[in-house]
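Spelled out, the chains give:
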Amino acid sequence: MTRPDVTVVVAVYNTMPYLTECLNSLVKQSIGRDRLEVVAVDDGSTDDSGRELDRFAERYPGVVKVIHQANSGGPAAPSNRALELATGRYVYFVGSDDHLGREALERMVDYADRHESDVVIGKMVGTNGRYVHQALFRHNDPDVSLYDSALPFTLANTKLFRRDLVEQYKLRFPEDLPVGSDQPFTIEACVRARKVSVLADYTCYYAVKRGDSSNITYRADHLSRLRCTARIMEHAAELIEAGPKRDAVFVRHFTWELAKLVQDDFPSLDATTRAEVCAGIAELADAYFTETLRDSMDVKRRVRIALAQRGALDHLVRAIEDEAAHGSPPLLLEDGRAYVRYPGFRDPALGLPDRLFEVIGEAVPRQLADGTRLVSATWEQTGEDLAVSLAVRVPVTGETDTATVRLAAKALPKSTDKPGGRRVPVGVELPARTGESSQEPAPDGTGTHLLARIPLQPARAKLGVRAYLDVAGSTYEIPVKTQGVPLPLARRWREKVPYRVSATANAKGRLVITTAPLWEPSPGVSLRLRRVLSRVKRKLTR
């Protein structure tokens with residue numbers, strides 16, 4: 001029998017009905033069954049998965065091979081069993097609840113052959129709400145590095161591996177890791193590989209989140225995930241010496257695996273578990289949380305990791321609960337820097353450096369939007385002149401001299417909807433600053449009230465009320481939300497040519513000032529006038 005080009009390994013445990021679509025996507029691959037081998041290991045399933053595997057093996061003899069074994073508790077053991085039986089030039093791993101694009105294997109094998117790649121990562125997408133990091137798949141790249149790309153955030157084993165590489169280094173999955181057992185395999189393969197390639201112009205892999213969220217990653221508890229992450233990092237540390245390369249890989253583990261242990265559900269854990277989680281994070285942070293790695297993280301995760309490392313459980317719980325209830329803490333602007341005032345900031349009992357709380361490189365529109373809101377709005381009319389008087393609370397203190405409220409005629413990009421604002425791109429012209437403005441501290445000391453009296457022009461206009469703030473070298477544009485604050489009633493304005501002015505909250509809850517003529521000429525009058533003028537123009541030009 002001719003050696004197949006690729007062996008697909010499928011570790012199976014209770015994945016019906018998803019398994020059927022998975023297997024169908026394999027046997028229908030455009031690469032052809034003569035170039036394909038599927039080795040599926042049933043890890044003691046108690047549903048119909050085993051019978052479904054046997055059905056496919058009977059229907060596709062010589063292509064689909066099935067092994068049944070007692071349950072091992074995770075995908076590592078069945079994957080290792082399948083590797084012992086694999087005969088293809090390449091080996092590919094697929095989750096038994098996921099499926100492939102029809103041309104996936106053909107394209108990846110061809111790409112590996114053309115570029116002499118030891119690892120090929122085909123584009124992955126999530127379905128049914130499954131999150132898959134996309135930064136790696138912006139474009140094809142025949143030679144990507146583990147150390148200067150988004151590859152550390154894509155460490156699942158759902159890749160094409162040259163089997164000679166796997167066997168040369170005896171790569172196998174640690175069977176005592178219930179979660180993340182593919183990471184040591186993938187990290188070592190990428191470290192050892194002569195070349196790692198990314199195939200991004202075709203969707204190769206569809207990762208499915210089950211309706212019952214029963215994927216093993218979603219079921220693991222905090223301490224189990226902590227232990228597994230520690231093992232993964234220890235293994236990677238043996239392969240990659242301390243320094244920028246190790247930091248480039250471990251930023252993923254501090255940003256994802258460890259930061260997820262101190263998310264919104266952390267305060268609900270019992271006191272003993274909370275202490276164990278923090279102790280485990282502290283041990284890893286003491287070993288690997290370098291200043292370079294720390295500065296590369298966003299301030300929210302960085303602070304939580306640091307509080308756990310210091311064993312400041314009360315501060316950590318308060319930071320999580322306060323942010324869940326009230327949004328991001330206020331910012332302190334000082335000497336051109338911005339600090340997020342999480343619990344523990346400048347607390348002499350903890351002695352944490354200001355740098356931990358500093359905004360470093362990241363954009364913070366969400367933090368600013370969380371605390372920006374309308375305080376009051378009124379009309380001020382003097383004769384024919386009308387102005388809107390506004391008080392807007394912004395969540396910044398300190399050096400706020402440049403913060404202003406302005407009226408903007410242009411709509412914000414839709415990309416601002418989720419964060420609630422934007423960091424203004426360099427070169428974009430801001431709306432003109434008009435009228436009078438001043439500032440005063442918010443009564444609670446956690447923000448600043450921006451006061452503005454802005455004259456309105458007699459014109460047809462729809463103007464968004466926005467706050468503009470300079471934070472850590474960037475300018476932010478934040479639409480002001482009304483949040484139930486009473487708005488002034490619509491008002492008639494001017495006598496000779498009367499206008500109407502109104503203040504309303506749009507569908508997104510943002511304050512909008514609208515001005516328009518009180519009366520509009522009827523369409524019929526306008527049409528007749530245009531016709532008369534047209535006739536006059538023709539006569540004058542004869």
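Residues numbered from 1 in each chain as written. Predicted model: local features only at pLDDT ≥ 70, side-chain atom pairs only at ≥ 80, totals over all residues. Heavy atoms only, no water.

Considerations on the nonpolar core
When a protein is soluble and globular, its nonpolar side chains tend to lie buried together.
Step number 1: Within the largest apolar cluster, 157 residues are counted, with the highest numbers of intra-cluster contacts made by Tyr92 and Phe254.
Step number 2: Apart from the residues lying within four places of it in its own chain, the contact partners of Phe254 are Met233, Ala259, Leu284, Ala285, Tyr288, Phe289, Leu293, Met297 and Ile305. (Core = buried A, V, L, I, M, F, W, Y, C linked by side-chain atoms within 4.5 Å. Buried < 20%, exposed > 50% of the residue type's maximum accessible area, 1.4 Å probe, protein only. Contact = heavy atoms within 4.5 Å.)

A short note on the pairing of strand β19 (residues 474–479)
Step number 1: Most of β19 is tucked away: five of the six residues are buried.
Step number 2: As paired strands, strand β15 (residues 422–423) and β19 are joined by two bridges and run antiparallel to one another. If you follow Arg422 over to β19, its bridge partner there is Glu477.
Step number 3: Taken together, the six bridges between strand β18 (residues 461–471) and β19 define a ladder with antiparallel strand orientation. Bridging from a neighbouring strand, Tyr468 pairs with Glu477 of β19.
Step number 4: Between β18 and β19, which pair antiparallel and follow one another directly, the connecting turn spans two residues, one of which, Ala472, has a positive phi of 50°. (Helix = DSSP H or I, 4+ residues; strand = E, 2+ residues; numbered from the N terminus. Pairing = 2+ DSSP bridges.)

Observations regarding the environment of Ala248
Step number 1: Within the secondary structure, Ala248 sits in helix α9 (residues 244–258).
Step number 2: Assessed through its relative accessible area of 19%, Ala248 is described here as buried.
Step number 3: Put simply, Ala248 and Leu151 are 97 residues apart on the chain and 9.7 Å apart in space, counted from C-alpha to C-alpha.

Some remarks on helix α12 (residues 299–310)
Step number 1: The end-to-end C-alpha separation of α12 is 16 Å, in line with the 16 Å expected for twelve residues at 1.5 Å each.
Step number 2: Among the residues making up α12, those that are buried are Val299, Arg302, Val303, Arg304, Ile305, Ala306, Leu307 and Ala308.
Step number 3: Its buried side turned inward, α12 meets α9, α10 (271–288), α11 (291–296), α13 (313–326), β10 (337–340) and α14 (365–370).
Step number 4: Downstream of α12 by a residue or two, Gly311 has a phi angle that is positive, lying close to 75°. (Expected span 1.5 Å × (residues − 1).)

Quick word on the sheet that holds strand β8 (residues 196–208)
Step number 1: Taken together, eight strands build an open sheet; the order of strands is β3-β2-β1-β4-β7-β6-β8-β5 and the sheet is mixed. Of all strands in the sheet, those bounded by a partner on one side alone are β3 (64–69) and β5 (99–100).
Step number 2: Pairing of strand β2 (residues 36–43) with β3, which is carried by six bridges, proceeds in the parallel orientation. Counterpart to Asp43 in the pairing with β3 is Gln69.
Step number 3: Here helix α2 (residues 49–59) sits on the sheet and contacts β1 (6–12), β2 and β3; the angle it forms with β3, its principal contact strand, is near 150°.
Step number 4: Against the sheet, helix α4 (residues 104–115) touches β1, β2, β4 (90–95), β5, β6 (119–127), β7 (160–162) and β8, its axis set at about 165° to β8. (Axes fitted to C-alpha atoms, helices over the stretch in contact; angles between N-to-C directions.)

Topic: the confidence of the model for the protein chain
Low pLDDT marks regions whose predicted coordinates should not be analysed in detail.
Step number 1: When pLDDT is averaged along the protein chain, the result is 94, and 94% of the positions lie at 70 or above.
Step number 2: Residue range residues 215–219 is modelled with pLDDT below 50. Its contacts to residues more than four positions away, or to other chains, number 14 contacts. (pLDDT = per-residue confidence, 0-100.)

Thoughts on the packing of helix α8 (residues 222–239) against α10
Step number 1: Viewed as axis vectors pointing N to C, α8 and α10 meet at an angle of 10°, and their least axial separation amounts to 10 Å. It follows that α8 is roughly parallel to α10 by the angle criterion. Residues His222, Leu223, Leu226, Ala230, Met233, Glu234 and Ala237 of α8 lie in contact with α10, whose contacting residues are Thr273, Glu276, Val277, Gly280, Ile281, Leu284 and Tyr288.
Step number 2: Taken together, the residues that form the contact of α8 with α10 break down as nine nonpolar, three polar and two charged. (Parallel < 35°, antiparallel > 145°, perpendicular 65-115°, else oblique. Nonpolar A, V, L, I, M, F, W, Y, C, P; charged D, E, K, R; others polar.)

Examining α4
Step number 1: Taking 1.5 Å per residue as the helical rise, α4 with its twelve residues ought to reach 16 Å, and the 17 Å between its terminal C-alpha atoms agrees with that figure.
Step number 2: Among the residues trailing α4, Glu116 stands out with phi positive, at a value near 55°.

Observations regarding the environment of Ala200
Step number 1: Position of Ala200 among the secondary structure elements: in strand β8.
Step number 2: A relative accessible area of 10% means that Ala200 is categorised as buried.
Step number 3: Setting aside its immediate chain neighbours within four residues, Ala200 contacts Lys123, Phe137, Arg138, His139 and Asn140.

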